[in-house]
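What follows is each chain in one-letter form.
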Amino acid sequence: MPVFFKAITGVLVILIMIVVGFLLARNNWFDSKSTSLIARLVTQIALPAYMMATILEKFDTKTLLSTLPDLLFPVISMFLLYILSIVIVRLFKIPKSHSGLFQSMFANSNTVFVGLPVNIALFGKHSLPFVLVYYMANTTFFWTLGVYLIQKDGRGEGKFDLAKTVKKVFSPPLLGFMVGVVLVLFHVSLPDFIMQDLTYVGSLTIPLSMFFIGISVNSVNLTNVHFDRSNFLILIGRFILAPALMALLVGFTSMPLLMKQVFILQAAMPVMTNAPVVSRLYGADSEFASVMVTETTLLSLIVIPILMVLVQNL
């Protein structure tokens, strides 16, 4: 029971901030430009600073070198989920209008706006390297194969642009992570005033992320929220199949227990918030993507405490 209450408490911390963002949006504090600004502040400023500050403060060379090889497990997990999504699309006759989007949402999770705050709330800052390892695999898969599949829905064919893909994969958060790793590996210490700046700016990451989720929930027309075959299968994929597959992959390995727990929780996070944006950009079914972001985000608040109890038994 203490584990369950800890999980509930961690989720409540997150939920209260989401509600604040939702209420502010409901009272017209934000327009589309300010919402985009919050997303850019998180992904391009606050999160890179947060990653650098935390890595430099909490980790040493030995810890980082022992962590990076385990990137293989999220990669294998997502690859298998994509294969499984192809089978499900054909077996359950998912409409072609959003079959590619379905596969992308089935396999990729929201590792930053929800996954990062949830893991920090439940496990503390020591979970950050493991969160980032999963993030590296997730962002690479989404901006390559995931975007390609979404393009096929909208344009009828997918195009692979290497320059744009590399730019998306090597995003500011990943670059912040990489810079932090390089500084640790070469035993470089930044001046105290820079570390304080990184810490102050980085502390914006979690509250702004939660406000963004609340704003996003408010922006969805709830009359469009429904549960049909495609919706149910996404929910099953995100909250049952993805964490179960990850648990099978890591359950019998010698990796640290905390890494196993973080990987399983990251696998069970909601649909990526980028999915509706990319869908709208390429003329795919952005409404379906927005509905799934909302449904999976809200349901994750119920799933996470249950999953937290289960991972304690690994």
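Up top you'll find the structure we're talking about.
Right, let's walk through the structure included here. This structure is a prediction, so every number in the text was calculated from the model and none was measured. (Residues numbered from 1 in each chain as written. Predicted model: local features only at pLDDT ≥ 70, side-chain atom pairs only at ≥ 80, totals over all residues. Heavy atoms only, no water.)

**So, the overall build of the protein chain**
1) Next: Scanning the protein chain from N- to C-terminus turns up 15 helices and zero strands.
2) Next: Dimensions of the protein chain, computed from the C-alpha atoms along their principal axes, are close to 55 × 50 × 50 Å.
3) Next: Taken over 314 residues, the protein chain has a buried fraction of 53%.
4) Next: With the model as given, the accessible surface of the protein chain reaches about 14,600 Å², and the carbon-plus-sulfur share is 69%.
5) Next: Within the protein chain, the 13 negative side-chain charges are centred at a point lying 5 Å from the centre of the 20 positive side-chain charges. (Helix = DSSP H or I, 4+ residues; strand = E, 2+ residues; numbered from the N terminus. Buried < 20%, exposed > 50% of the residue type's maximum accessible area, 1.4 Å probe, protein only. Areas by Shrake-Rupley, 256 points an atom, 1.4 Å probe, with all protein chains shown as cover. Lys, Arg positive; Asp, Glu negative; His and termini not counted. Charge placed at Lys NZ, Arg CZ, Asp CG, Glu CD.)

**Topic: the side chain of Ser-127**
1) Next: As for its position among the elements, Ser-127 is in the loop between helix 6 (111-123) and helix 7 (128-155).
2) Next: For Ser-127, the side chain forms a polar contact with the main-chain oxygen of Asn-119, separated by 3.5 Å.
3) Next: Apart from residues no more than four positions distant in its own chain, Ser-127 is found in contact with Asn-119, Ile-120, Leu-258 and Val-262. (Polar contact = N/O pair within 3.5 Å; in protein donor to acceptor, adjacent residues only side chain to side chain. Contact = heavy atoms within 4.5 Å.)

**Details of the packing of aromatic side chains**
1) Next: According to the stated counting rule, one finds four aromatic pairs in the structure shown.
2) Next: Consider the rings of Tyr-82 and Phe-141, whose centres lie 5.9 Å apart with planes at 15 degrees: the pair is stacked. You can see Tyr-82 sitting in helix 4 (residues 72-91) and its partner Phe-141 sitting in helix 7, a full 59 residues away along the chain.
3) Next: In this structure Tyr-82 comes out as buried when scored by relative accessible area, which is 3%.
4) Next: On the basis of relative accessible area, Phe-141 is assigned to the buried category, the value being 14%.
5) Next: Considering the side-chain rings of Phe-142 and Trp-143, the 5.0 Å spacing of their centres and the 85 degrees angle between planes classify their relative orientation as edge-to-face. (Phe/Tyr/Trp six-rings, centres within 6.5 Å; stacked < 30°, edge-to-face > 60°.)

**Looking at unusual backbone geometry**
1) Next: Here the phi dihedral of Asn-28 falls at roughly 65 degrees; this positive angle occurs in a residue that is not glycine.
2) Next: Assignment of secondary structure puts Asn-28 in the loop between helix 1 (2-26) and helix 2 (32-58).
3) Next: Judged by its relative accessible area of 69%, Asn-28 is exposed.
4) Next: A positive phi angle, near 55 degrees, is found at His-187, a position not held by glycine.
5) Next: Turning to its location among the elements, His-187 is positioned in the loop between helix 9 (172-185) and helix 10 (192-202).

**Considering the layout of surface pockets**
A probe as big as a water molecule, rolled over the atoms, marks out the empty space that is left.
1) Next: If you add up the space inside the second largest pocket, you get close to 190 Å³.
2) Next: Leu-71, Met-136, Phe-170, Leu-174 and Met-178 are the residues nearest the centre of the second largest pocket, which is lined by 14 residues in total.
3) Next: For the lining of the second largest pocket, the elements supplying multiple residues, two or more each, are helix 7 and helix 9.
4) Next: Broken down by element, the lining of the second largest pocket gets its largest block of residues, five residues, from helix 9.
5) Next: Taken together, the residues that form the lining of the second largest pocket break down as 13 nonpolar, one polar and no charged. (1 Å grid on protein atoms, 1.4 Å probe; cavity = no way out; pocket = protein on both sides within 12 Å on 5 of 7 lines; lining within 4 Å. Points joined across faces, edges and corners; volume = space filled by probe spheres on them. Nonpolar A, V, L, I, M, F, W, Y, C, P; charged D, E, K, R; others polar.)

**Thoughts on empty space enclosed by the protein**
1) Next: The final tally for this structure, using the stated rule, is one cavity of 30 Å³ or more.
2) Next: Lining the largest cavity, in full, are Ile-213, Ser-216, Val-217, Val-293, Thr-294 and Thr-297.
3) Next: Where the lining of the largest cavity is concerned, the elements lending two or more residues are helix 11 (205-219) and helix 15 (286-311).
4) Next: A class-by-class count of the residues in the lining of the largest cavity yields three nonpolar, three polar and no charged.

**Observations concerning the nonpolar core**
1) Next: Phe-102, Met-105, Leu-122, Phe-177, Ile-234 and Phe-263 are the most contacted members of the largest nonpolar core, which has 101 residues in total.
2) Next: Ranked by residue count, the leading element in this core is helix 7, at 15 residues.
3) Next: Setting aside chain neighbours within four positions, we find Ile-234 in contact with Phe-102, Met-105, Phe-106, Val-271, Phe-288, Met-292 and Thr-296. (Core = buried A, V, L, I, M, F, W, Y, C linked by side-chain atoms within 4.5 Å.)

**Section: the environment of Ala-247**
1) Next: Within the secondary structure, Ala-247 sits in helix 12 (residues 229-250).
2) Next: For Ala-247 and Lys-260, which are 13 residues apart along the polypeptide, the C-alpha to C-alpha distance reads 7.5 Å.

**Quick notes on the environment of Gly-124**
1) Next: Inspection of the secondary structure assignment puts Gly-124 in the loop between helix 6 and helix 7.
2) Next: Classification of Gly-124 as partly exposed rests on a relative accessible area of 22%.
3) Next: Along the sequence, Gly-124 and Ala-25 sit 99 residues apart, while their C-alpha atoms lie 29 Å from each other.

**Considerations on helix 14 (residues 274-281)**
1) Next: Taken together, the buried positions of helix 14 are occupied by Ala-275, Pro-276, Val-278 and Ser-279. All buried residues of helix 14 project into a common sector of 165 degrees when viewed along the axis, lining one side. Away from its buried face by more than 90 degrees, helix 14 exposes Arg-280 and Leu-281.
2) Next: Just downstream of helix 14, Gly-283 is the residue with a positive phi angle, here 75 degrees. (Arc of directions from axis to C-beta.)

**What to know about a nonpolar patch on the surface**
1) Next: On the surface, Leu-37, Leu-41, Ile-45, Tyr-200, Val-201 and Leu-204 cluster together into a nonpolar patch covering about 550 Å² of accessible area.
2) Next: Within the residue set of the nonpolar patch, elements represented by two or more residues are helix 2 and helix 10.
3) Next: Here Tyr-200 is to be found in helix 10.
4) Next: Tyr-200 sits in the exposed class, given a relative accessible area of 58%. (Patch = residues over 30% accessible without salt bridge, like charges linked within 9 Å, V, L, I, M, F, W, Y side chains within 5 Å. Salt bridge = Lys/Arg side-chain N within 4 Å of Asp/Glu carboxyl O.)

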